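# Observations on chain architecture
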Amino acid sequence: MSPANKREFHLKASQLEMQYQQELQDLNYEITKNRTEILNTTGNIQSAENSLSLSRTLWQSQFNNYKLGTVTYSAILDAAATVNTAEQSYVKAVYNYLMAYYNFKKMNGFESSK
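Residues numbered from 1 in each chain as written. Predicted model: local features only at pLDDT ≥ 70, side-chain atom pairs only at ≥ 80, totals over all residues. Heavy atoms only, no water.

Each helix and strand in the protein was counted, giving 2 helices and 0 strands. Expected size for 114 residues packed as a compact globule is a radius of gyration near 13 Å; at 27 Å, the protein overshoots this value by more than 25%. Expressed as lengths along the three principal axes of its C-alpha atoms, the size of the protein is roughly 100 × 30 × 15 Å. By residue count, 15% of the 114 residues in the protein fall in the buried class. A fraction of 75% describes how many contacts in the protein between residues 6 or more apart in sequence connect residues 24 or more apart. Entry remark: accessible area of the protein is about 8900 Å², with carbon and sulfur atoms responsible for 57%. Each charge class in the protein was averaged separately, 11 positive and 10 negative side chains, and the resulting centres sit 3 Å apart. (Helix = DSSP H or I, 4+ residues; strand = E, 2+ residues; numbered from the N terminus. Rg over C-alpha atoms; globule rule 2.2 N^0.38 Å. Buried < 20%, exposed > 50% of the residue type's maximum accessible area, 1.4 Å probe, protein only. Contact = heavy atoms within 4.5 Å. Areas by Shrake-Rupley, 256 points an atom, 1.4 Å probe, with all protein chains shown as cover. Lys, Arg positive; Asp, Glu negative; His and termini not counted. Charge placed at Lys NZ, Arg CZ, Asp CG, Glu CD.)

Set out below in structure tokens:
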């Protein structure tokens, strides 16, 4: 093997090693990102559940106060709108969690049967 061929071989080997290391770093980044997304979306679900529970309690309180004549009907409507918004936030949080979970599983070689 000539010196020029050896140099080209070593250069190509170094280039392949650098590409491999870059791919490995990219893969580790994606795995870490997906784990973080799962943790974040799990916390978001808990927050959304708490918000939903609180808004339902508020609605019930406003409804009871309306029956007693201490609040107007618009207060009940406002409370119902808050419940609706909290329900939408909860559904979105669950959806985001499921997407993060799917992406994590997909990254780790799992895909649903086709």
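Following the structure, the description resumes.
What follows is about the pattern of salt bridges. Counted according to the given criterion, the structure contains 2 salt bridges. A salt bridge links glutamate 30 to lysine 33, with the shortest nitrogen-to-oxygen separation between them at 3.5 Å. Residue glutamate 30 and its partner lysine 33 are both found in helix H1 (residues 3–68); the two are separated by 3 residues, about one turn of the helix. The class of lysine 33 is partly exposed, set by a relative accessible area of 31%. Between glutamate 87 and arginine 56 there is a salt bridge, and its shortest N-O distance comes to 3.4 Å. (Salt bridge = Lys/Arg side-chain N within 4 Å of Asp/Glu carboxyl O.)

On to the environment of serine 74, then. Along the chain, serine 74 falls in helix H2 (residues 73–107). Given a relative accessible area of 41%, serine 74 falls into the partly exposed group. Through-space distance from the C-alpha of serine 74 to that of lysine 33 is 44 Å; in sequence the pair is 41 residues apart.

Turning our attention to a nonpolar patch on the surface. Nonpolar side chains collect at one region of the surface, where Tyr20, Leu24 and Leu27 lie side by side and expose about 270 Å² of accessible area between them. The residue tyrosine 20 is located in helix H1 in this model. The class for tyrosine 20 is partly exposed, based on a relative accessible area of 49%. (Patch = residues over 30% accessible without salt bridge, like charges linked within 9 Å, V, L, I, M, F, W, Y side chains within 5 Å.)

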